[in-house]
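# Structure at a glance
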Amino acid sequence: MRGVLFDFSGTLLRVEPAETWLRAVLDEAGLVLPRGETARLASALEEAGALPGGAPPRTVPDGLREPWRDRDLGAALHRAAYTGLARRVPLPRPELYDALYDRHMRPEAWRPYPDTAEVLGALRERGVPVAVVSNIGWDLRPVFRAHGLDRHVDAYVLSFEHGLRKPDPGIFRLACDTLGVDPGETLMVGDNPHADAGAAALGCSVHLVDHLPCDRRPDGLLPVLELVPRPGTHPGRKSP
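Reading the values: the criteria
Residues numbered from 1 in each chain as written. Predicted model: local features only at pLDDT ≥ 70, side-chain atom pairs only at ≥ 80, totals over all residues. Heavy atoms only, no water. Helix = DSSP H or I, 4+ residues; strand = E, 2+ residues; numbered from the N terminus. Rg over C-alpha atoms; globule rule 2.2 N^0.38 Å. Buried < 20%, exposed > 50% of the residue type's maximum accessible area, 1.4 Å probe, protein only. Contact = heavy atoms within 4.5 Å. Areas by Shrake-Rupley, 256 points an atom, 1.4 Å probe, with all protein chains shown as cover. Lys, Arg positive; Asp, Glu negative; His and termini not counted. Charge placed at Lys NZ, Arg CZ, Asp CG, Glu CD. pLDDT = per-residue confidence, 0-100. Salt bridge = Lys/Arg side-chain N within 4 Å of Asp/Glu carboxyl O. Pairing = 2+ DSSP bridges. Axes fitted to C-alpha atoms, helices over the stretch in contact; angles between N-to-C directions. Arc of directions from axis to C-beta. Polar contact = N/O pair within 3.5 Å; in protein donor to acceptor, adjacent residues only side chain to side chain. Core = buried A, V, L, I, M, F, W, Y, C linked by side-chain atoms within 4.5 Å.

All right, on to the overall build of the chain then. Secondary structure summary: the chain contains 10 helices and 7 strands in total. Its C-alpha atoms give the chain a radius of gyration of 19 Å, within 12% of the compact-globule value 18 Å for 240 residues. Residues classed as buried in the chain amount to 49% of the 240 residues present. Within the chain, contacts between residues separated by at least 24 positions form 67% of all contacts whose residues are at least 6 apart in sequence. Accessible surface for the chain amounts to roughly 11,300 Å². Of this, 50% is attributable to carbon and sulfur atoms. On the chain, the mean spot of the 29 positive side-chain charges and the mean spot of the 33 negative ones are 2 Å from each other.

Okay, here's the thing in structure tokens:
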């Protein structure tokens, strides 16, 4: 393998829990809710699919079907889809819906998996170029910079910037071309067997990780280092 493509959410970093997300916004607004109400509202928001990077909605209302379908192709559509889902849950103030959306884009709303920096750093040391390929409606580069991960990433290929989204082979082709690597010598690492495994149609190898909270997946990315060995070694063999 001469290049590695990584998904973002659920692969390299994980968004904060819904209750933490809501509580942060309420605190900034100076709102104190009755005992148990924050947890109840957070659960309702999570069920509605309102937290980007969290669980998808169980149902999408008729008026949101188009924004939801195309949410990763434009910033306005992404905001409309997620704030629309959040508005299914009555909150104390109307401005909280946009505040929640804004919160999820802040670096502090994201936590790298415990082995993310180790794996990205090892690939950098081995001279293996890395691209982040994400279906997303906003610029995640500040998140990587804030967590000290940007120095390990050579390129970002984001759906809303290119009008392409996974599993379209075109987005993986663009990422490979940007890194200057052949798809047949490229590994795609992600957590979604539909979207991320779309890279296989282009000839990329695919490695899937479990979409779990950070404390339940401490070393899920480490196998990547076995699949992309140091120069002069072979996968599955130890260096002499």
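Let's shift gears to the confidence of the model for the chain. On average, the chain scores 95 in pLDDT, and the residues at 70 or more come to 96%. Considering only residues more than four positions removed or in separate chains, one finds that residues 235-240, a stretch of pLDDT under 50, has 5 contacts.

So, on to unusual backbone geometry. Following K166, the chain continues into P167 via a peptide bond in cis, with omega recorded as 15 degrees. Its place among the elements puts P167 in the loop between α8 (159-162) and α9 (169-179).

This model, assessed by the stated rule, comprises 19 salt bridges. As a salt-bridge pair, E28 and R106 come within 2.9 Å of each other at their nearest N and O atoms. Placement of E28 in helix α1 (residues 18-29) and of R106 in the loop between α5 (96-104) and β3 (110-112) is noted, with a sequence separation of 78 residues between them. What makes E28 exposed here is its relative accessible area of 54%. Residue classification places R106 among the partly exposed residues on the basis of a relative accessible area of 29%. What emerges from the salt-bridge pattern is a single network uniting D7, K166 and D196.

The next thing to look at is helix α6 (residues 116-125). Turning to α6, its buried residues number three or more, namely T116, V119, L120, G121, A122 and L123. Positive phi shows up at G127, right after α6, with a value of about 75 degrees.

Right, let's talk about the sheet that holds strand β7 (residues 205-208) for a bit. With respect to topology, 5 strands assemble into an open sheet ordered β5-β4-β1-β6-β7, the strand pairing being parallel. Either end of the sheet is taken by a strand with one partner, and the two such strands are β5 (155-158) and β7. This sheet shows a mean twist of 20 degrees between the axes of neighbouring strands, independent of strand direction. Pairing analysis gives 4 bridges linking strand β4 (residues 130-134) to β5, with the strands arranged parallel. Residue pairing for β5: A131 is matched across the bridge by A155.

This next bit is on α9. By the burial criterion, the buried members of α9 are I171, F172, A175, C176 and L179. Angularly, the buried residues of α9 cover 135 degrees about the axis, an arc narrow enough to put them on a single face. On its buried face, α9 sits against β1 (3-6), β4, β5, α8 and β6 (186-190). Where α9 starts, the residue carrying a side-chain oxygen 2.7 Å from the main-chain nitrogen of G170 turns out to be D168. Directly beyond the C-terminal end of α9, a positive phi value near 75 degrees is found at G180.

Assignment of secondary structure puts Y156 in strand β5. Given a relative accessible area of 11%, Y156 falls into the buried group. Distance in space between the C-alpha atoms of Y156 and T178 is 9.1 Å, their sequence separation being 22 residues. When sequence neighbours within four positions are dropped, the list of residues in contact with Y156 reads V132, L140, R141, F144 and D150. A distance of 2.6 Å separates the side chain of Y156 from the side chain of D150, its partner in a polar contact.

This part covers the nonpolar core. One finds V4, F6, F8, L123, L140 and F144 to be the most contacted residues of the largest nonpolar core, which totals 57 residues. A total of 5 residues in this core trace back to one element, the largest contributor, which is α1. Look past the residues within four positions of F144 in its chain and what remains in contact with it is F8, L12, L13, V132, L149, D150, V153 and Y156.

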